[in-house]
Amino acid sequence: MIRVENITKRFGDYAALHGIDLEIQPGEFIALLGPSGSGKTTLLRIIAGLEFQDEGHVYFDGEDVSDIPVGKRNVGFVFQQYALFKHMTVADNVAFGLNVRKARHRPSKAEIKARAEDLLRIVQLEGLGARYPGQLSGGQRQRVALARALAIEPSLLLLDEPFGALDAKVRKDLRRWLRDLHKQMGLTSIFVTHDQEEALELADRVVVMDHGRIDQIGTPEEVYMKPATAFVSHFVGETNRFPDGRHVRPHDLDIVSEGGEAIAVDNVFRKGAVWRVEGRLAGNDTIVELDLSSDRQPPAIGETVFIAARRSLTFAS
Amino acid sequence: MTQRSVGTESRATQIVLILLALAFLAFFLLLPLIAVFSEALKQGIAPFLDAVSNPDALAAIRLTLFIAAISVPLNLVFGITASWAITKFSFPGKNLLLTLIDLPLSVSPVVSGLIFVLLFGAQGLLGPWLAAHGLKIIFAVPGIVLATVFITFPFVARELIPLMMEQGKDDEEAAVSLGANGWQTFWHVTLPNIRWGLLYGVLLCNARAMGEFGAVSVVSGHIRGETNTMPLHVEILYNEYDFVGAFAVASLLAALALVTLVLKTVLEWRFDLHSGARH
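Residues numbered from 1 in each chain as written. Chains lettered and ligands numbered in written order. Predicted model: local features only at pLDDT ≥ 70, side-chain atom pairs only at ≥ 80, totals over all residues. Heavy atoms only, no water.

Chain B appears in an unreviewed UniProt entry as Sulfate ABC transporter permease subunit CysW from Novosphingobium clariflavum. For chain B, the Function (unreviewed entry) comment in UniProt is given as "Part of the ABC transporter complex CysAWTP (TC 3.A.1.6.1) involved in sulfate/thiosulfate import. Probably responsible for the translocation of the substrate across the membrane." Among the UniProt annotations of chain B, the heading Subunit (unreviewed entry) holds the following wording: "The complex is composed of two ATP-binding proteins (CysA), two transmembrane proteins (CysT and CysW) and a solute-binding protein (CysP)." (UniProt positions renumbered as here; feature names shortened; annotations may be inferred.)

The name an unreviewed UniProt entry gives chain A is Sulfate/molybdate ABC transporter ATP-binding protein, with Novosphingobium clariflavum as the organism.

What follows is the structure, given as structure tokens:
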């Protein structure tokens, strides 16, 4: 179990993290989700031991590792830009963590070679061991970085924006693949992302962060359906904010024949399986987005229609 | 029509500019270079060989090589250390260190030489103490080494700092997270990443170490066969109207410059190739 207790970190005058508490169960897949500047990467780096907290403690299985540097924490870290060693072959990159061990802990040359080949098979790069990172595609480099991190048999896997540098299609494939890999290996993993879709799809639990604090920790379902704060509601999924303070998801709004609030329709377009209707509340110009089931007749642009919320949330400001 | 005339005009401008640049280069670089070699070989190959194999000339060549053999490795180590410290850590006084590294480039070499005379000379700050212990620095080889090290210390560091800045510290962090210690990280990760830039810096450092005149001239004392480096030897021969001798030794220095230029071009080509292979 990983336990983070009251972690505070400042960079000069800027407070990056304020009193973070977090517990992670063995085998969990955790997403640290937040906008840039929320402190999510700093928290990940502190858990790794690449950065050190000003206050607070980090415990791995009850052992206080707060002052232990990254090399002795036995964590696998996958960097956002992969940080592959350009002058080494893919196989040498993967074997690096084993090759730098002290002689008495180092497996034999043949064992190291076999391990590297095994790992390349696991990340589906069999036969590419002799290539150099420069000869691989982005998605392949990402998997080399992962294999390299796994080679040291870490007790915890940390990934910083693992899909950030990839294009949309590769990102989606790799996401599914990583989820399956996690299921197979059962390795406790934490990844940082600013993409709520990624967090909701992959993680067992999502930690939503803003301005160096945790706003909510919960399953994807909880975070989406029962956001704890206005920030979470707004950041995770789309939300309409009404002037009276209600937060309503676009799919929780419906067009009704009478009795709702009037909006002037500005735009209507197909958004995948639904119609997306954009309009402005009569009288105060608040922009409202709503999703209308595909089998309904969408309103015409310029028309005024009435809307009602099936479900809404309000937050104490 | 108008388009065409603009096109021809810019073509003409191009040619004029290129010719101007070439003429400038020919006049200020090529012509002197040719002059050096033609003056050196004016009276045939025999006087040339005599001039460069004369004992004083040989002593100057030996001393120059000796000075370079000390100052280049020292600045290699210093350059890597300083660049590493500046690019991988943040510490108070970092900007001051950066400014100090540039100091030898912004100060006249003669002033640099004088600093050492003021420090270690007979009337200098440490002069009496050195004299009492029988140590001779100024007008001796140690002074020349000191002056050369001072003059050449920016070359490696200035080459590496922008390079290492651009590379960031992700690779080093990755190595450390995989369990590598500081030395392994440096040897297996940092050094291969900077090797071409480092070689380039060493080359420039070496060229300057062998060619430095001003600072060395101040601290050397010009003792023939003892404290004369090649550039100083050239000056002495020239002042004695031994033009063939002066140009013969000068042509060796010029040849060094040419070799440096070729190696530098080769390195740049490799360097580009290398960085081109990166994503």
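## Structural notes on the overall build of chain A
Looking only at helices and strands, chain A has eight helices and 18 strands in total. In terms of overall dimensions, chain A has a C-alpha envelope of 80 × 45 × 30 Å along the principal axes. Within chain A, the proportion of its 317 residues that are buried is 50%. Carbon and sulfur atoms make up 48% of the accessible area of chain A, which amounts to about 14,800 Å² in all. (Helix = DSSP H or I, 4+ residues; strand = E, 2+ residues; numbered from the N terminus. Buried < 20%, exposed > 50% of the residue type's maximum accessible area, 1.4 Å probe, protein only. Areas by Shrake-Rupley, 256 points an atom, 1.4 Å probe, with all protein chains shown as cover.)

## Brief notes about the domain arrangement of chain A
You'll often see interface size given as the accessible area lost when the parts meet. Domain annotation for chain A reports domain 1 (2-231) and domain 2 (240-309). For domain 1 of chain A and domain 2 of chain A, the distance between their C-alpha centres works out to 40 Å. (Domains from an automatic or database assignment.)

## Observations regarding the environment of Leu290(A)
All names here are of chain A. Relative to the elements of secondary structure, Leu290 occurs in strand S16 (residues 287-293). Between the C-alpha atom of Leu290 and that of Arg213, which follows or precedes it by 77 residues, the distance is 31 Å. Residues in contact with Leu290, not counting those within four places in the same chain, are Pro250, Leu253, Ile255, Ile263, Trp275, Arg276, Val277 and Ile307. (Contact = heavy atoms within 4.5 Å.)

## Describing the pattern of salt bridges
All names here are of chain A. Under the counting rule described, the total for this entry stands at 33 salt bridges over all chains. A salt bridge links Glu126 to Arg121; the shortest N-O distance between them is 3.4 Å. The exposure class assigned to Arg121 is partly exposed, which follows from its relative accessible area of 42%. Residue Arg280 pairs with Asp266 through a salt bridge whose shortest N-O separation is 2.9 Å. Separated by 14 residues along the polypeptide, Arg280 in strand S15 (residues 274-281) and Asp266 in strand S14 (residues 261-271) bring together distant segments of the chain. Judged by relative accessible area, Asp266 falls into the partly exposed class, the value being 34%. Among the ionic contacts, a cluster of salt bridges with common partners joins Arg171, Arg175, Arg179, Asp195, Glu197, Glu198 and Glu201. (Salt bridge = Lys/Arg side-chain N within 4 Å of Asp/Glu carboxyl O.)

## Examining the UniProt feature "domain: ABC transporter" (unreviewed entry) in chain A
Mapped onto this numbering, the UniProt entry gives "domain: ABC transporter" (unreviewed entry) at residues 2-236 of chain A. Each end of residues 2-236 of chain A is marked by a C-alpha atom, and these two atoms are 25 Å apart; helix forms 35% of the span and strand 26%.

## Describing the sheet that holds strand S5 (residues 63-64) of chain A
Residue and element names in this part refer to chain A. The antiparallel open sheet is built from four strands, whose spatial order is S2-S1-S4-S5. A strand with exactly one partner marks an edge of an open sheet, and here the two such strands are strand S2 (14-24) and S5. Of the strand pairs in this sheet, strand S4 (residues 55-60) and S5 are connected by two bridges, and their pairing is antiparallel. In the strand pairing of S5, Phe60 is matched with Glu63. Strand contacts of helix H1 (residues 40-48): strand S1 (2-11), S2 and S4, with the helix running at about 120° to S1, the strand carrying the most contacts. (Pairing = 2+ DSSP bridges. Axes fitted to C-alpha atoms, helices over the stretch in contact; angles between N-to-C directions.)

## Let's talk about the packing of aromatic side chains
Residue and element names in this part refer to chain B. Per the stated rule, a full pass over the model turns up 16 aromatic pairs over all chains. The interplanar angle of 45° and the centroid separation of 4.7 Å between the aromatic rings of Phe24 and Phe28 together place this pair among those described as tilted. Placement of the pair is Phe24 and Phe28 together in helix H1 (residues 2-40), with a separation of four residues, close to one helical turn. When the centroid spacing of 5.9 Å and the interplanar angle of 35° are considered together, the rings of Trp183 and Phe186 count as tilted. Note that Trp183 and Phe186 are positioned in helix H9 (residues 182-211) at a spacing of three residues, about one turn of the helix. Judged by its relative accessible area of 14%, Phe186 falls in the buried class. (Phe/Tyr/Trp six-rings, centres within 6.5 Å; stacked < 30°, edge-to-face > 60°.)

## Regarding the UniProt feature "domain: ABC transmembrane type-1" (unreviewed entry) in chain B
Summarizing the sequence annotation, UniProt attributes the feature "domain: ABC transmembrane type-1" (unreviewed entry) to residues 61-262 of chain B in the numbering used throughout. Summarising residues 61-262 of chain B: 80% helix, 0% strand, and an end-to-end C-alpha distance of 22 Å.

## A look at the nonpolar core
Counting 42 residues, the largest nonpolar core has Val94(A), Leu146(A), Leu157(A), Leu178(A) and Val208(A) as the members making the most contacts within it. Looking at this core, the element that brings in the most residues is helix H4 (residues 138-150) of chain A, giving six residues. Of all hydrophobic cores here, the second largest spans 39 residues; its members include Ile30(A), Ile47(A), Leu156(A) and Leu178(B). (Core = buried A, V, L, I, M, F, W, Y, C linked by side-chain atoms within 4.5 Å.)

## Concerning empty space enclosed by the protein
Residues and elements named next belong to chain A. Counted according to the given criterion, the structure contains five cavities of 30 Å³ or more. Of the voids in this model, the largest cavity is the one considered here, and its volume is about 70 Å³. Of all the secondary structure elements, the ones that give two or more residues to the lining of the largest cavity are strand S7 (156-160) and helix H5 (168-185). If you tally residues by element for the lining of the largest cavity, the top one is H5, at four residues. Its residues assigned to classes, the lining of the largest cavity comprises eight nonpolar, two polar and no charged. Space inside the second largest cavity adds up to approximately 60 Å³. For the second largest cavity, the full set of lining residues is Pro227, Ser233, Thr239, His247, Val248, Arg249, Asp252, Arg311, Ser312 and Leu313. (1 Å grid on protein atoms, 1.4 Å probe; cavity = no way out; pocket = protein on both sides within 12 Å on 5 of 7 lines; lining within 4 Å. Points joined across faces, edges and corners; volume = space filled by probe spheres on them. Nonpolar A, V, L, I, M, F, W, Y, C, P; charged D, E, K, R; others polar.)

## Details of the UniProt feature "transmembrane region" (unreviewed entry) in chain B
When the UniProt feature table is mapped onto this chain numbering, "transmembrane region" (unreviewed entry) sits at residues 12-37, 57-84, 96-122, 134-157 and 243-263 of chain B. Helix makes up 100% of residues 57-84 of chain B and strand 0%, with an end-to-end C-alpha separation of 40 Å.

## A closer look at the interface of chain A and chain B
Counting residues at the interface gives 22 residues for chain A and 19 residues for chain B. Taken together, both faces of the contact between chain A and chain B bury some 1,800 Å²; the carbon and sulfur share is 63%. When residues of chain A are sorted by the area they lose upon contact with chain B, Lys86(A), His87(A) and Val100(A) head the list and together hold 32% of the total. Scanning the region where chain A abuts chain B turns up two salt bridges. A salt bridge links Lys86(A) to Asp171(B), with the nearest nitrogen and oxygen atoms 3.9 Å apart. (Buried area = accessible area lost by both parts, 1.4 Å probe.)

## Notes on helix H7 (residues 141-167) of chain B
All names here are of chain B. Helix length check: H7, at 27 residues, gives a terminal C-alpha distance of 39 Å against a target of 39 Å (1.5 Å per residue), a fit within 8%. Its maximal kink placed at Thr152, H7 deviates by approximately 35°, while the proline Pro154 follows within four residues. The buried count for H7 comes to 19 of 27 residues, which makes it a mostly enclosed element. (Expected span 1.5 Å × (residues − 1). Bend = angle between axes of the 7 residues up to and from the residue.)

## Here we look at the pairing of strand S6 (residues 75-78) of chain A
All names here are of chain A. Taking every second residue as pointing to the same face, both faces of S6 are buried, with Val75 and Phe77 on one and Gly76 and Val78 on the other. Sheet topology note: the S6/S7 ladder contains four bridges and is parallel. Residue pairing across strands places Val78 opposite Leu159, the latter belonging to S7.

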